[in-house]
Amino acid sequence: MPPVIGNFSPAAVARCLPFALFMGLLAVRGYLPDAWLAEWGVDRRWLYGLQVLPSALLLWLWRREFGELARQNWPAARELLQSVGVGIALFLIWIQLDAPWMQLEPAAAGFVPVSPDGALEWPLIALRLFGAVLVVPLMEELFWRSFLMRWIEHPQFERVDPARIGLRAIVLSTFVFVLAHTLWLAAAIAGLAFAWLYRREGRLASAVVAHAVTNLLLGLWVVKTGQWAFW
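In this text, all values refer to a predicted model and were calculated from it rather than measured experimentally. (Residues numbered from 1 in each chain as written. Predicted model: local features only at pLDDT ≥ 70, side-chain atom pairs only at ≥ 80, totals over all residues. Heavy atoms only, no water.)

Caption draft 1: Region of the structure containing the pattern of salt bridges. Applying the stated criterion across every chain, the model contains 9 salt bridges. The salt bridge partner of Glu68 is Arg150, with a shortest N-O separation of 3.6 Å. Of the two residues, Glu68 is situated in the loop between helix H3 (47-61) and helix H4 (77-94) and Arg150 in helix H5 (residues 122-153); the sequence distance between them amounts to 82 residues. Residue Glu68 is classed as buried on the basis of its relative accessible area, which comes to 17%. (Salt bridge = Lys/Arg side-chain N within 4 Å of Asp/Glu carboxyl O. Helix = DSSP H or I, 4+ residues; strand = E, 2+ residues; numbered from the N terminus. Buried < 20%, exposed > 50% of the residue type's maximum accessible area, 1.4 Å probe, protein only.)

Here it is in structure tokens:
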């Protein structure tokens, strides 16, 4: 069971700590000097595993805290198809919204799973897809939508029915969501779409599925086209 930290309940900790750990390790990964990594013979790209696996472990250990993701609360077939459709649409939108003015900072290819001879490195690709498709959608939807959006609506967030989340909570949580992504316009549209699914269907899994579909298609497209800046 997650611990109580300050004024955060176990339910809040279970939704916040995996995300906080992921972002904290991302910051640490970015500050590690290339010279130090080279001295130890460490390929910076494999550090993504050290970033994503601890969060995945916490999500697994605390899986019983996420009752809204229990099997009986998953979308029906119609809702599932709708989530897949939203995920596909967001992918198609995302890859079009990369003009310089649509970016919070210049795009950079920070993760390029290609060997010096130009061959794709499939173990690295598999690791990246594992994080992007199976861990990140679950981790982010639990934090951004299940916790933050409902917490903005009312500090006792577990009592908040998704259908009763107001415009203020949707806009503020989406604004913060945007700040965590380079492509701000694409992220704004995606964040609003995930929030709409969660509010409309009342099922967090609807947003998780849409998010996973978008990330899966984006990952496959990046590998196919070599547009590594989108990763």
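Caption draft 2: Summary view of the layout of surface pockets. The calculated volume of the largest pocket comes to roughly 1300 Å³. Every residue lining the largest pocket is counted, 39 residues in all, and those nearest its centre are Arg128, Ala180, Thr182, Phe230 and Trp231. Here the lining of the largest pocket is built from residues that sort into 22 nonpolar, 11 polar and 6 charged. (1 Å grid on protein atoms, 1.4 Å probe; cavity = no way out; pocket = protein on both sides within 12 Å on 5 of 7 lines; lining within 4 Å. Points joined across faces, edges and corners; volume = space filled by probe spheres on them. Nonpolar A, V, L, I, M, F, W, Y, C, P; charged D, E, K, R; others polar.)

Caption draft 3: Structural context of the confidence of the model for the chain. Within the chain, residue pLDDT values average 93, and 99% of them lie at 70 or more. When the elements of the chain are averaged for pLDDT, helix H2 (residues 34-39) gives the smallest value, 83, and helix H8 (residues 204-225) the largest, 98. (pLDDT = per-residue confidence, 0-100.)

Caption draft 4: Highlighting the nonpolar core. Among the nonpolar cores identified, the biggest contains 65 residues, and Trp94 and Trp231 are the most heavily contacted of them. When contributions to this core are tallied by element, the ones reaching two or more residues are helix H1 (10-31), H3, H4, H5, helix H6 (167-179), helix H7 (184-201) and H8. If you tally residues by element for this core, the top one is H5, at 14 residues. Setting aside chain neighbours within four positions, we find Trp231 in contact with Phe111, Pro113, Ile125, Arg128, Leu129, Gly219, Val222 and Val223. (Core = buried A, V, L, I, M, F, W, Y, C linked by side-chain atoms within 4.5 Å. Contact = heavy atoms within 4.5 Å.)

Caption draft 5: Layout of the packing of H4 against H7. Look at H4 against H7: their axes get within 10 Å of each other, and the N-to-C directions meet at 170°. Classified by the angle between their axes, H4 and H7 sit roughly antiparallel to one another. Contacts between H4 and H7 pair Arg78, Glu79, Gln82, Ser83, Val86, Leu90, Ile93 and Trp94 from the former with Ala186, Ala187, Ile189, Ala190, Ala193, Phe194, Trp196, Leu197, Arg200 and Glu201 from the latter. Per-class residue counts for the contact of H4 with H7 are 12 nonpolar, 2 polar and 4 charged. (Axes fitted to C-alpha atoms, helices over the stretch in contact; angles between N-to-C directions. Parallel < 35°, antiparallel > 145°, perpendicular 65-115°, else oblique.)

Caption draft 6: Here's a closer look at H1. The end-to-end C-alpha separation of H1 is 31 Å, in line with the 32 Å expected for 22 residues at 1.5 Å each. The largest bend along H1 measures about 30° and falls at Cys16, with the proline Pro18 one to four residues further on. Within H1 the residues assigned to the buried category are Pro10, Ala11, Ala12, Val13, Ala14, Arg15, Cys16, Pro18, Phe19, Phe22 and Arg29. Structurally, H1 contributes buried residues whose contacts are with H3 and H5. (Expected span 1.5 Å × (residues − 1). Bend = angle between axes of the 7 residues up to and from the residue.)

Caption draft 7: Region of interest: the packing of H6 against H7. Between H6 and H7, the least distance of the axes is 9 Å, while the angle of their chain directions is 140°. With respect to H7, the axis of H6 lies oblique. Taken as a pair, H6 and H7 cross one another with a handedness that is right-handed. Between H6 and H7, the residues in contact are Ile170, Thr174, Phe177 and Val178 and Trp184, Ala187, Ala188, Gly191, Leu192, Ala195 and Arg199, respectively. Split by residue class, the contact of H6 with H7 holds 8 nonpolar, 2 polar and 1 charged. (Left-handed = near helix turned anticlockwise from the far one by under 90°.)

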